[in-house]
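# Structural overview for review
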Amino acid sequence: MEFRVDASRAAGPEVSLTPAAAARLGKLSADQGRDLMLRVAVDGGGCSGFQYRFELVEAAEADDLRIETDGRAAVIDPVSLPFLVGSVVDFVDDIGGAQFVVRNPNAASSCGCGVSFSI
């Protein structure tokens, strides 16, 4: 399966970080006593074909896209970016648990866990 995105659309404003996600990153940074960023990546696998991976990092790679909200940042590698164009990275804390989530308009379907999706 091949997925292509017009490179002119692959820009910072096309992926956003919500204030709730930024606030959670601020809390995690304060708790750990270091400035952390959220790495958001798309990997092959999961029950629907692709899955999101979240990782806390202290530094971005040279070719990462950096998204900032309220002084907090998320980074996305160039391989994952085409799958995430137009997405919103959020943090939810509800009856299902507290977690970072991606609201992705490119996903044709997703599984019940919300981490796996198909295009």
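Now for a description of the structure that goes with this document. Source: prediction; values computed, not measured.

### A few points about the overall build of the chain
Along its length, the chain carries 2 helices and 9 strands. Ordered by position from the N terminus, the helices and strands of the chain form the series β-α-β-β-β-β-α-β-β-β-β. Burial statistics for the chain: of 119 residues in total, 39% are counted as buried. Here the contacts in the chain between residues at least 6 apart in sequence split such that 53% fall between residues at least 24 apart.

### Thoughts on the pairing of strand 7 (residues 97–103)
Within a regular strand, the side chains alternate between the two sheet faces. Relative to strand 7, strand 6 (residues 88–94) runs antiparallel, the two sharing 7 bridges. Bridge pairing links Val 89 to Val 102 in strand 7. What sits between the antiparallel neighbours strand 6 and strand 7 is a turn of 2 residues.

### Focus: the nonpolar core
Within the largest apolar cluster, 23 residues are counted, with the highest numbers of intra-cluster contacts made by Leu 17, Leu 38, Val 40, Ile 76, Leu 84 and Phe 100. Elements supplying a minimum of two residues to this core: helix 1 (19–32), strand 2 (37–44), strand 3 (50–57), strand 4 (65–69), strand 5 (72–76), helix 2 (81–84), strand 6 and strand 7. In this view, Leu 84 contacts Glu 14, Val 15, Val 40, Val 42, Tyr 52, Ile 76, Val 102, Asn 104 and Asn 106; residues no more than four positions away in its chain are not counted.

### A short note on helix 1
Taking 1.5 Å per residue as the helical rise, helix 1 with its 14 residues ought to reach 20 Å, and the 20 Å between its terminal C-alpha atoms agrees with that figure. Regarding helix 1, the residues found buried are Ala 21, Ala 22, Leu 25, Gly 26, Leu 28 and Ser 29. Taken end-on, helix 1 shows its buried residues confined to a sector of 165°, consistent with a single buried face. Every exposed residue of helix 1 that faces more than 90 degrees away from the buried side is listed here: Pro 19, Ala 30 and Asp 31.

### So, the sheet that holds strand 7
Reading across from one edge, 1-6-7 is the order of the 3 strands in this open sheet, with mixed pairing throughout. Two strands in the sheet have a free side with no partner beyond their single neighbour: strand 1 (16–17) and strand 7. Where strand 1 meets strand 6, 2 bridges bridge the pair, whose relative direction is parallel. Of the residues in strand 6, the one forming a bridge with Leu 17 is Val 89. Sitting on the sheet, helix 1 touches strand 1, strand 6 and strand 7, and the angle it makes with strand 6 is about 70°.

Conventions we followed
Residues numbered from 1 in each chain as written. Predicted model: local features only at pLDDT ≥ 70, side-chain atom pairs only at ≥ 80, totals over all residues. Heavy atoms only, no water. Helix = DSSP H or I, 4+ residues; strand = E, 2+ residues; numbered from the N terminus. Buried < 20%, exposed > 50% of the residue type's maximum accessible area, 1.4 Å probe, protein only. Contact = heavy atoms within 4.5 Å. Pairing = 2+ DSSP bridges. Core = buried A, V, L, I, M, F, W, Y, C linked by side-chain atoms within 4.5 Å. Expected span 1.5 Å × (residues − 1). Arc of directions from axis to C-beta. Axes fitted to C-alpha atoms, helices over the stretch in contact; angles between N-to-C directions.

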